[in-house]
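# Secondary and tertiary structure notes
This is what each chain is made of:
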Amino acid sequence: MEYEWKPDEQGLQQILQLLKESQSPDTTIQRTVQQKLEQLNQYPDFNNYLIFVLTKLKSEDEPTRSLSGLILKNNVKAHFQNFPNGVTDFIKSECLNNIGDSSPLIRATVGILITTIASKGELQNWPDLLPKLCSLLDSEDYNTCEGAFGALQKICEDSAEILDSDVLDRPLNIMIPKFLQFFKHSSPKIRSHAVACVNQFIISRTQALMLHIDSFIENLFALAGDEEPEVRKNVCRALVMLLEVRMDRLLPHMHNIVEYMLQRTQDQDENVALEACEFWLTLAEQPICKDVLVRHLPKLIPVLVNGMKYSDIDIILLKGDVEEDETIPDSEQDIRPRFHRSRTVAQQHDEDGIEEEDDDDDEIDDDDTISDWNLRKCSAAALDVLANVYRDELLPHILPLLKELLFHHEWVVKESGILVLGAIAEGCMQGMIPYLPELIPHLIQCLSDKKALVRSITCWTLSRYAHWVVSQPPDTYLKPLMTELLKRILDSNKRVQEAACSAFATLEEEACTELVPYLAYILDTLVFAFSKYQHKNLLILYDAIGTLADSVGHHLNKPEYIQMLMPPLIQKWNMLKDEDKDLFPLLECLSSVATALQSGFLPYCEPVYQRCVNLVQKTLAQAMLNNAQPDQYEAPDKDFMIVALDLLSGLAEGLGGNIEQLVARSNILTLMYQCMQDKMPEVRQSSFALLGDLTKACFQHVKPCIADFMPILGTNLNPEFISVCNNATWAIGEISIQMGIEMQPYIPMVLHQLVEIINRPNTPKTLLENTAITIGRLGYVCPQEVAPMLQQFIRPWCTSLRNIRDNEEKDSAFRGICTMISVNPSGVIQDFIFFCDAVASWINPKDDLRDMFCKILHGFKNQVGDENWRRFSDQFPLPLKERLAAFYGGPGASGAPAGPGAEGSALRALGAAG
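About the cut-offs
- Residues numbered from 1 in each chain as written.
- Predicted model: local features only at pLDDT ≥ 70, side-chain atom pairs only at ≥ 80, totals over all residues.
- Heavy atoms only, no water.
- Helix = DSSP H or I, 4+ residues; strand = E, 2+ residues; numbered from the N terminus.
- Buried < 20%, exposed > 50% of the residue type's maximum accessible area, 1.4 Å probe, protein only.
- Areas by Shrake-Rupley, 256 points an atom, 1.4 Å probe, with all protein chains shown as cover.
- Lys, Arg positive; Asp, Glu negative; His and termini not counted.
- Charge placed at Lys NZ, Arg CZ, Asp CG, Glu CD.
- Phe/Tyr/Trp six-rings, centres within 6.5 Å; stacked < 30°, edge-to-face > 60°.
- Lys NZ or Arg CZ within 6 Å of the ring centre and 35° of its normal.
- Contact = heavy atoms within 4.5 Å.
- Axes fitted to C-alpha atoms, helices over the stretch in contact; angles between N-to-C directions.
- Parallel < 35°, antiparallel > 145°, perpendicular 65-115°, else oblique.
- Left-handed = near helix turned anticlockwise from the far one by under 90°.
- Nonpolar A, V, L, I, M, F, W, Y, C, P; charged D, E, K, R; others polar.
- Salt bridge = Lys/Arg side-chain N within 4 Å of Asp/Glu carboxyl O.
- Polar contact = N/O pair within 3.5 Å; in protein donor to acceptor, adjacent residues only side chain to side chain.
- pLDDT = per-residue confidence, 0-100.
- Expected span 1.5 Å × (residues − 1).
- Disulfide = S-S within 2.5 Å.

With that settled, the discussion passes to the overall build of the protein. Looking only at helices and strands, the protein has 51 helices and zero strands in total. By principal-axis analysis of the C-alpha atoms, the protein measures approximately 110 × 70 × 60 Å. Relative to its full complement of 914 residues, the protein shows a buried share of 56%. Carbon and sulfur atoms make up 52% of the accessible area of the protein, which amounts to about 40,100 Å² in all. Side chains of the protein carry 80 positive and 127 negative charges; the gap between the two charge centres is 2 Å.

Here it is in C-alpha cells:
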C-alpha cells in the first residue's frame, strides 16, 4: 500500500518562512534559523515537509526548494538511523519520481540527496535504486536521463568501493557496459556523465571495467575531438589514470596519445589544458617515459614553457599591478595551517649535505594563494620532473628558448623564463654549470626589477641554485646574492618579502658557517623585518631565524648578537596567548636559537621553560576532561604540547647541566610519564626525544623514574611508527650509558625488539643507525646479557654504522661491540669481513679504541693462522685492504709474539696480506 502523507498547511507555511529567512545575509537571523531547524528535527514528519517542498511544491522558487532538499540532506547525514520507516520510504520514492524534474538545480539536489542516502549504508537496503536509475537512462525524456545519470555519477564517486564488492551482487557487470553505450549519446552533458562514471573505476582496476578495457579505450578515442570541454576534460583524466593502471593497453597507441595530449595541453579551455598537463607529470614517473617521449621533446618543451606564463586572470587575482602592499594587514584566510615537524634524532653522515628524505621544501610553490593548482604550476612541475628524467639531454630543447625569455622586454615573458630556469635546476644542474657565471649575476639584477612578481620568482629560482653559489669563492656570488636577498626581505611588497625569506632560509641551509662573517648584517635585517611584517610573513620570518641558528650554531653566541635578536623574540613571546597557533613557529624558532646559544640563552630560559611546562600541563588536563566527558569538553589541540616538548628538548640540549635547577623545581617528569603513553604518536615521539635530552643533561632527576619509563620504552619499539620507534631507541641508548651495570634488569624488555628491527628489510636508514648504536651501548654496559645474541645482529650492525661520522655515539657503540666480541668471539666469525669493513670506516678513533680493534684483528688472524688469513684477506676489496694496512699495519719487529704490547708483527702480516 502506498504511504499517504499530506502536509498541514500551517506547518508548511512555518517551514517556508524559515527557508526564506535562512537566505538572509544577516548572521543573527541565520543563527536563530539553525536553532529552530534543530528543534524541528524532534518531529518525525519534519523531513516529509522538506522533501515535499523540494519535489511537490512547484509554486515555490527554485532556490528555496533546493535549500529544502539540502537541509534534508544534512538531516540524513546526521540522523538517518532515527527516521521512521514510513518517512524513509516516502523520501526514497519521491526522489526516484522526481529525478527528472525540469529544473537542472532541482535534479542536481535530488541527485545529492539520493547519493547521501546511498552512502549511509542504504545501497544494501534500497535494492531497486540502481536498477531503477539504470532503466531511467533509457528514457526518451532528456531531463529524466540527465537526472538519473547525474545521480549515478554521484553514487559512483561516493560509493565506488561497495559497488565493486560482493555485498551488492556486483552491479557493475551491468552498469559499466551500459555506461559505455552512452559515450556516443547526442547530448554533451550525458556523454560527460558517462565518461565520469566509468572514470571512477580505473584506479581501483575494477574487474568489470578491465573486462571491457579495449572497448573503453576505443570509445575514449572516439570522443577525442568532442566539442564539449567537460567531455574532453574527462577523456584526458581517463587517459592520465590509464597510464598508471593499464600502460600495456595504451602502449600500442602511445604515439597518437602523446600527439593528442600535446593538443589538449594547449586547449582553449584551461580546465581541459590542466587535466591534459597532468599527463606529462604521470608519464614522467613511468620507467618507459624516457624512450616514449624522446622524439616528442622538440614539440613538448615549448608547450610546457608556454604554459608557465601567468594568465591575465592570474595577474588580476594576484594583484600583479599592486606593487606596494606592506602596510595592508593580511586577511586571516590567507594564512595556511602550519604543520609542525616533531623532533627526530638522526646521525650525521660523511657525505653530509645531501639528504634524500627531506627535500620537499623547494616544491614549485611561488603563487600559493590563487586556485591552488593551475596550468602554470602543473607545467612547471612537469618540466621539473622531465628535467630529472632526461637530465642534461633536455638542455638543447630549453636553452634556445631561455635565451629569448630571460632577456624579454615584456615582464610576463621574462618572469616565465626565470621560473623555467628554476624548474630545471635540480635535473639539469650539471649541464647548467657553464652558464651560471653569466646567469647568476643576471638573476641578482632581476632581484631589483620594478615588477614585484618578477622579484618574487627570482628569489625562488636563485634559491634552487644556492648549492652552486655556495661552492664558489664567497665574494664572487654569495656576498652579492646575500646582500640583494636581504634587501628583498625588506621589500615593500608582501609576496616578495615571503619569497625572499624562504629563499634566504634555503641559502642559510646551504651556506652554514660561511655566513658567520656577515652575521651582524643578517641579524640587522631580520630584526628590522620584525617591525615591518604583517601576520603571514612573520611566521616565515621565524623560520628564517630558526634556520640561521641551526646553520651557524654556537657562532651566534656573542653578546652583541644576543642583544639584537632576543628582545624582539621575547616581546612576541610575551604578546602571544597560550591558545594562539602563532606560538608554533615561534616555539620552533626559539628551540633552534636556544640550542645554538647554549649558555647564552640562560638569562631567558626560566620564563620560557615555565611556559612550556604549563602548555603541556594544560593540554593534558584538557585531554583528560575530554576523555571523561566528550560532549562537554572539546578535545585539545595537541600540537601545543608537542611543540612545547620540542622546545624543552632544545633547552635541554642547549643549556645542558644548567637546566638541572629548572627540572628540579617542576613536575616535568610526571607530565612526561603521561605524554609517553599518549595515544597520538607525535606526542610520544617528542616525549622520548625530551627523555633522551634530559638523560644527557641531568640524569639525577630522571633516574628515579627509570623503572616506570623502561617498560613504556619497550612497548614503543614498534617500527610501524618509525619516528616514535627511532626516538625511543635513541633514549634507551642514552639511558644505558648513564645507568651502566644497573641497566641489567631492563635488557630483556628491549633487546629482542631491537634485534628484530635491525634485521627487518626496508627499515629506514636513520632507524637502523640508532638501533645499531643502542644495541652497541647496551652491550657496552651489560656485555654478558647482550653478547650471546651477537651472531643474530653483527652483520646488519656493521653495515648500518659504516657510513656515519666519527662521534661520541659511534665511539660508545663500537666499544660495546668490541667488548661483546671478547665475551663471545665465535659470534663474529662468520661475518668477520663486515666487522673489518666497519672498523675501516673510522677516520681517527681514540687510541684505546684503536687498541681494541687491533686486538680483535690480530686475535682472529692468530686463531686462523697465516695461510687462512691470507686467503680470507684476499677477498677484501682493495680500498678496504689499503685502509686496514695503513691504520693497523704500523712498524714493529717481525716475528714478535702478537701480545697486547707487541702488535707490530701481526700488523705487518696484515699489511702484507693487504
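From this point, the narrative continues.
Let us look at the packing of aromatic side chains. Within a pair of aromatic rings, the relevant descriptors are the distance that separates the centres and the angle that separates the planes. Under the defined criterion, the tally for this structure stands at 21 aromatic pairs. With a centroid separation of 5.5 Å and an interplanar angle of 85 degrees, the aromatic rings of F814 and W842 are classed as edge-to-face. With F814 in helix 46 (residues 808-823) and W842 in the loop between helix 47 (832-840) and helix 48 (847-864), this residue pair connects regions lying 28 residues apart in the sequence. Considered together, F814 and W842 belong to a single accessibility category, that of buried residues. It is R611 that lies over the ring of W573; its NZ or CZ is 4.9 Å from the centre.

Here G779 is to be found in helix 43 (residues 765-781). Classification of G779 by relative accessible area gives buried; the value is 0%. Residues G779 and L691, 88 residues apart in the sequence, show an inter-C-alpha distance of 21 Å. Apart from the residues within four sequence positions on either side, G779 is in contact with V786, G816 and M820.

All right, on to unusual backbone geometry then. Positive phi, normally seen in glycine, also occurs at C512, with a value near 45 degrees. Secondary-structure assignment places C512 in the loop between helix 29 (494-511) and helix 30 (519-532). What makes C512 partly exposed here is its relative accessible area of 31%. Backbone geometry places N762, a non-glycine residue, at a positive phi of 65 degrees. By secondary structure assignment, the location of N762 is in the loop between helix 42 (747-758) and helix 43. For N762, a relative accessible area of 80% corresponds to the exposed category.

This part is about the packing of helix 32 (residues 559-575) against helix 33 (residues 583-597). Packing of helix 32 against helix 33 leaves a shortest axis separation of 11 Å and a crossing angle of 150 degrees. Between helix 32 and helix 33, the interaxial angle falls into the category roughly antiparallel. Regarding helix 32 and helix 33, the two cross each other, and that crossing is left-handed. Judged by residue contacts, I562, L565, M566, L569, K572 and W573 of helix 32 engage L583, L586, L587, C589, L590, V593 and L597 from helix 33. Its residues placed into classes, the contact of helix 32 with helix 33 shows 12 nonpolar, no polar and one charged.

Bringing the pattern of salt bridges into the picture now. Taken as a whole, this structure holds 39 salt bridges when the rule is applied. In this structure, the salt-bridge partner of D248 is R249, at a minimum N-O distance of 3.6 Å. R249 gets classed as partly exposed once you look at its relative accessible area, which sits at 31%. In this structure, the salt-bridge partner of R264 is D267, at a minimum N-O distance of 2.8 Å. The pair formed by R264 and D267 is uniform in burial state, with each residue classed as buried.

Within helix 40 (residues 706-715), the full set of buried residues consists of I706, F709, M710, I712, L713 and G714. Its buried side turned inward, helix 40 meets helix 37 (668-675), helix 38 (681-697), helix 39 (699-702), helix 41 (722-739) and helix 42.

Before going further, it helps to examine the environment of T458. For T458, the position within the fold is in helix 26 (residues 452-464). With a relative accessible area of 0%, T458 lands in the buried category. In this structure, the C-alpha to C-alpha distance between T458 and I444, residues 14 residues apart in sequence, is 7.9 Å. In contact with T458, other than residues within four places in its own chain, are I418, L443, C446 and L447. Only 2.6 Å separates the side chain of T458 from the backbone oxygen of V454, close enough to count as a polar contact.

Per-residue confidence for the protein averages 85 on the pLDDT scale, and 92% of its residues sit at or above 70. Considering only residues more than four positions removed or in separate chains, one finds that residues 351-371, a stretch of pLDDT under 50, has 42 contacts. Note that pLDDT drops below 50 for residues 890-914; the model gives that stretch 35 contacts with residues more than four away or on any other chain.

Viewed as axis vectors pointing N to C, helix 33 and helix 35 (residues 639-655) meet at an angle of 10 degrees, and their least axial separation amounts to 7 Å. Classed by the angle they form, the pair helix 33 and helix 35 counts as roughly parallel. Residues L583, F584, L587, E588, L590, S591, A594 and T595 of helix 33 touch helix 35, and the partners they reach there are D639, F640, V643, D646, L647, G650, L651, E653 and G654. Residues belonging to the contact of helix 33 with helix 35 are distributed by class as follows: nine nonpolar, four polar and four charged.

Moving on to the side chain of R777. With respect to the helices and strands, the residue R777 is situated in helix 43. You can call R777 buried: its relative accessible area is 5%. Polar side-chain contacts of R777 include one of 2.8 Å to the side chain of S812. Setting aside anything within four residues of it in sequence, one finds R777 in contact with G733, E734, S736, I737, E808, E809, S812 and A813.

Right, let's talk about helix 35 for a bit. Relative to the 24 Å expected for 17 residues at 1.5 Å per residue, helix 35 spans 24 Å between its end C-alpha atoms, a close match to the ideal helical length. Among the 17 residues in helix 35, 15 count as buried, and that is most of the element. Downstream of helix 35 by a residue or two, G656 has a phi angle that is positive, lying close to 55 degrees.

Counting across every chain of the model gives zero disulfides. Among the cysteines around C236, which has no disulfide bond, C277 carries the closest sulfur, lying 11 Å off. Looking at C501, it has no disulfide partner, and the nearest cysteine sulfur is the one in C459, 9.6 Å off.

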